[in-house]
Amino acid sequence: MINCYCGVKMDKGEILKLLCGFRYAHRGFHDKPRVPENSMGAFSRAVVQGFGIELDVHLTKDDRLAVIHDSNLERTCGVDVNIEDITLKEAQQYYLEKSVENIPDFEEVLKLVDGYVPLIVELKTSGGNEDKLCNRVLQALDKYKGMYCIESFDPKAVTWLRKNRPDVIRGQLAGALRKDNFPISLAADFLLKNLWVNVLGKPDFVAYKFEDRESSALKKYKGAKFCWTIRKYSDMKEAEEMGLVPIFEKFNPKDYEKNKE
């Protein structure tokens, strides 16, 4: 049993079913360049629209939780420094994507969302810090009353969750990654795209790359299936027809559906 809305106890199967009933805004419902990805503005917009939120969490030098996608801040903040090498206070001196927004503190994001929409929390491990990162994220989430699940590309993080917090819904991110220059070995790419890593992590769901949706491994998988990252409404509809839960960006599904109501 785990906590759901307002502290109501539900089992994992019930919560996972509810989680699968949402569409998820990738890195928040951003609107670049006006509203950066993984920003408080992007999360606020997702809450207002009623979209679930997918976000990324790193561990800083002072063991705080920073919400940002890349370890290196060159793309997002224009500075060549890794988030793991600085404190959260130092990180928040930089602005996101030429905006006036700072890198969010994960616990502040939880206060903002406050259970109004569900969260997909992606663990961004670095340098073997999966134990400490998992512990810190769960410390924050144990005080949170909203629905959430946790996912990672790192099988070690998913395995940590299975062994230490089996009550938490966990997911394995996967797909054929090397063809898009993802920094991963041939062996790791093979294991991920064929979902062989699931032997250790035994995830409750997989989050698979949309472009690889015809993968035999994905089709054979019997659990819940999420799909990233969808950038067209027609692709979203195709994913949903395949039984995949969409993680989307760069469009508002409601713009395509408002005339049908």
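Residues numbered from 1 in each chain as written. Predicted model: local features only at pLDDT ≥ 70, side-chain atom pairs only at ≥ 80, totals over all residues. Heavy atoms only, no water.

### A look at unusual backbone geometry
Looking along the chain, the bond that leaves lysine 32 and enters proline 33 is cis, with omega of 0 degrees. Among the secondary structure elements, proline 33 is positioned in the loop between strand E3 (24-26) and helix H2 (40-49). Following tryptophan 228, the chain continues into threonine 229 via a peptide bond in cis, with omega recorded as -25 degrees. Residues other than glycine seldom take positive phi values, yet aspartate 114 does so here, at roughly 55 degrees. Counting through the fold element by element, aspartate 114 comes out in the loop between helix H5 (106-113) and strand E6 (119-123). Its identity is not glycine, yet leucine 195 carries a phi of approximately 60 degrees, on the positive side. In this fold, leucine 195 is placed in the loop between helix H8 (186-193) and helix H9 (198-201). (Helix = DSSP H or I, 4+ residues; strand = E, 2+ residues; numbered from the N terminus.)

### Considering the pattern of salt bridges
What the rule picks out here adds up to 26 salt bridges. In this structure, glutamate 37 engages lysine 32 in a salt bridge whose closest nitrogen and oxygen atoms are separated by 2.6 Å. The partner of glutamate 107 in a salt bridge is lysine 143, and the shortest N-O contact between them spans 3.6 Å. A residue pair is termed long-range when its members are at least 10 positions apart, and glutamate 107 in helix H5 and lysine 143 in the loop between helix H6 (130-141) and strand E7 (148-152) qualify at 36 residues. We classify glutamate 107 as partly exposed; its relative accessible area is 24%. (Salt bridge = Lys/Arg side-chain N within 4 Å of Asp/Glu carboxyl O. Buried < 20%, exposed > 50% of the residue type's maximum accessible area, 1.4 Å probe, protein only.)

### Quick look at the packing of aromatic side chains
Within this structure, the stated rule accounts for eleven aromatic pairs. Each ring, one from phenylalanine 29 and one from phenylalanine 51, has its centre 5.2 Å from the other, and the planes form 70 degrees; the classification is edge-to-face. Separated by 22 residues along the polypeptide, phenylalanine 29 in the loop between E3 and H2 and phenylalanine 51 in the loop between H2 and strand E4 (52-59) bring together distant segments of the chain. Here phenylalanine 29 and phenylalanine 51 have matching classes, each one buried. Here the aromatic rings of phenylalanine 51 and phenylalanine 248 are separated by 5.1 Å at their centres, their planes lie at 80 degrees, and the arrangement is edge-to-face. Within this pair, whereas phenylalanine 51 is found in the loop between H2 and E4, its partner phenylalanine 248 is found in strand E11 (residues 245-248), the two being separated by 197 residues in sequence. Taking the relative accessible area as the measure of exposure, phenylalanine 248 reaches 1% and is therefore buried. A connected cluster of aromatic rings, assembled from ring pairs, spans Phe29, Phe51, Tyr233, Phe248, Phe251 and Tyr256. One residue, arginine 213, lies across the ring of phenylalanine 210, its end atom 3.9 Å from the ring centre. (Phe/Tyr/Trp six-rings, centres within 6.5 Å; stacked < 30°, edge-to-face > 60°. Lys NZ or Arg CZ within 6 Å of the ring centre and 35° of its normal.)

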